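# Close look at the chain arrangement
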Amino acid sequence: MDTATDVAVVGAGIVGLATAYALRRAGISVTVYESGQPGGGQSAGQSRIFRHAHDDPRLVEMAVTARRIWREWEDDFGIELISDDGAVALGAGVRDKLAIMQQVPGIEARWIDARELAGRLPPLAGYDGPAVFDPTGGSIRTVAAIDALTEHMRDALVHDHVLTLRNTTAGTVELRSGTGCSEYGAVVVCAGRGTAALARTVGLALPVQLSAHVRVTFRPRSEPPTTLATLQDSSGDFGETGIYAAAFPGNTHYGLGLSDSVPSNDGGAVDPTALTDLADRAARYVRRALPGLDPAPTGYVHCWVTRLPWNEDGVAAWQHGAATFLAGHNLFKQAPALGATLADSVTTGQPAATVHPSRRLGDPSANR
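This structure is a prediction, so every number in the text was calculated from the model and none was measured.

### Let's talk about the overall build of the chain
Across its full length, the chain carries 8 helices and 21 strands. Dimensions of the chain, computed from the C-alpha atoms along their principal axes, are close to 65 × 45 × 40 Å. Here the chain, with 368 residues, has 54% of them falling under the buried criterion. Accessible surface, the chain as shown: approximately 15200 Å² in total, 48% of it carbon and sulfur. Of note, the chain has its 31 positive side-chain charges centred 3 Å away from the centre of its 39 negative side-chain charges.

### Focus: the state of the cysteines
Following the criterion strictly, the structure yields 0 disulfides and no others. Take Cys190: it sits in no disulfide, and the sulfur closest to it among the cysteines is that of Cys303, at 17 Å. According to the relative accessible area criterion, Cys190 is buried, its value standing at 10%. Look at Cys303 and you get buried, because its relative accessible area is 11%.

### Comments concerning helix α3 (residues 94-101)
Within α3 the residues assigned to the buried category are Val94, Leu98, Ile100 and Met101. The buried residues of α3 occupy one face: seen down the axis, they fall within an arc of 160 degrees. In this structure, the buried residues of α3 make contact with α2 (57-77), β5 (87-90), β6 (110-111) and β7 (131-134).

### Topic: the packing of aromatic side chains
In this description, an aromatic ring pair is defined by two values, namely the gap between the centres and the angle between the planes. Counting across every chain of the model gives 7 aromatic pairs. Arranged with centres 6.3 Å apart and planes meeting at 90 degrees, the rings of Tyr33 and Tyr184 form a pair that is edge-to-face. Residue Tyr33 is located in strand β3 (residues 30-33), and its partner Tyr184 is located in strand β12 (residues 180-184); the two are separated by 151 residues in the primary sequence. For Tyr33, a relative accessible area of 6% puts it in the buried group. With centroids separated by 6.4 Å and ring planes inclined at 5 degrees, the aromatic side chains of Trp70 and Phe332 adopt a geometry described as stacked. Within this pair, whereas Trp70 is found in helix α2, its partner Phe332 is found in the loop between β21 (323-328) and α8 (335-348), the two being separated by 262 residues in sequence. Neither Trp70 nor Phe332 differs from the other in exposure class; each is buried. Sitting over the face of the ring of Phe50, Arg67 holds its NZ or CZ atom 5.7 Å from the ring centroid. If you follow Arg193 out to its NZ or CZ, it ends over the ring of Trp304, 4.1 Å from the centre.

### With respect to the nonpolar core
Ranked by internal contacts, the top residues of the largest apolar core, which has 46 residues, are Ile14, Val15, Val32, Trp70, Trp73, Leu326 and Leu338. With 8 residues, helix α1 (residues 14-25) is the single largest residue contributor to this core. Apart from the residues within four sequence positions on either side, Leu326 is in contact with Val15, Val189, Cys190, Thr195, Val315, Ala316, Ala317, Leu331, Leu338 and Leu342. Formed by 35 residues, the second largest nonpolar core is a distinct cluster that contains Leu90, Leu124, Val214 and Ala282.

### Some details on the UniProt feature "domain: FAD dependent oxidoreductase" (unreviewed entry) in the chain
Here, UniProt's "domain: FAD dependent oxidoreductase" (unreviewed entry) annotation points to residues 6-344. Spanning residues 6-344, this segment combines 27% helix with 28% strand, and its end C-alpha atoms are found 14 Å apart.

### Concerning the side chain of Thr217
Residue placement: Thr217 occurs in strand β14 (residues 209-218). Among all residues touching Thr217, those that are not within four sequence positions of it are Phe248, His253, Tyr254, Gly255, Ala296, Pro297, Thr298, Gly299 and Tyr300.

Cut-offs used in this document
Residues numbered from 1 in each chain as written. Predicted model: local features only at pLDDT ≥ 70, side-chain atom pairs only at ≥ 80, totals over all residues. Heavy atoms only, no water. Helix = DSSP H or I, 4+ residues; strand = E, 2+ residues; numbered from the N terminus. Buried < 20%, exposed > 50% of the residue type's maximum accessible area, 1.4 Å probe, protein only. Areas by Shrake-Rupley, 256 points an atom, 1.4 Å probe, with all protein chains shown as cover. Lys, Arg positive; Asp, Glu negative; His and termini not counted. Charge placed at Lys NZ, Arg CZ, Asp CG, Glu CD. Disulfide = S-S within 2.5 Å. Arc of directions from axis to C-beta. Contact = heavy atoms within 4.5 Å. Phe/Tyr/Trp six-rings, centres within 6.5 Å; stacked < 30°, edge-to-face > 60°. Lys NZ or Arg CZ within 6 Å of the ring centre and 35° of its normal. Core = buried A, V, L, I, M, F, W, Y, C linked by side-chain atoms within 4.5 Å. UniProt positions renumbered as here; feature names shortened; annotations may be inferred.

In structure tokens, the structure reads:
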């Protein structure tokens, strides 16, 4: 058996890369296992929303930490990672979220009127309902973030799949991959859909609910707008209550999806007709709500959703011996904070208390 680096990170999506980067900055040697293209799984696509708005105040506070680290990464890499166009949220439900955000230092979210909304989000049809603007939200430059972290960790990347983990009597973790068997002082698993399967190899059953999701890409009808805020629409005014959208670099495209997803059966199969219906609903929403966009899709991102049962924004980390397993949904924006938390857990040898499953992070009722 090989004695490898101090720590192995399984999964080179945004959270795995963030964890590896934080570990390396702490002076810990790291090996990162990835069977495919870094960022090619649940981190795929050209954009994501950075938002502070959540129902759980603890996630709002985590987002503040994440936003600070996103800025540090921008300084480290010398590139823009979050646009300065801000984030817009529509619908009656934004009242409660705004109230929470206004209680957290460092967030400047506020109400905006229809005129300002039209300037922040030019493709939008007329809307005069409740609207909130978060100026430090924006579109995450996902490809730039993945590429920069991958380049920094390139010498640590191993392109191989991990089959099993086993805690040893020496307090280490044995990792068996497709072409090797190595031993690490700690292993952190951020493998998306594959996390629950690896957890089962050490005897943990994670309550991950697997489904599939589609995001659809649309072009502006004319020149790309100078400003294009991200969008969350829970209003129902345009026929849907769970819409989100974020801009590509240069505002050349808008990636839009529904919060709905298609459940997977035990064998991992997904109904293709149901997935097609989600994409069609996205296009119909664009026709009604975003007349400034051409409703003919120009691209798609299909990915797995690994949701925890207590909330669509739920996140938790399970620990078994020296192995840690992170699971959750809507994690891209929180990745820098999650990576720092997981790295700190490894360096201190203590469980990641802020994301312990007992806290049900993301569930507002668990914070009472």
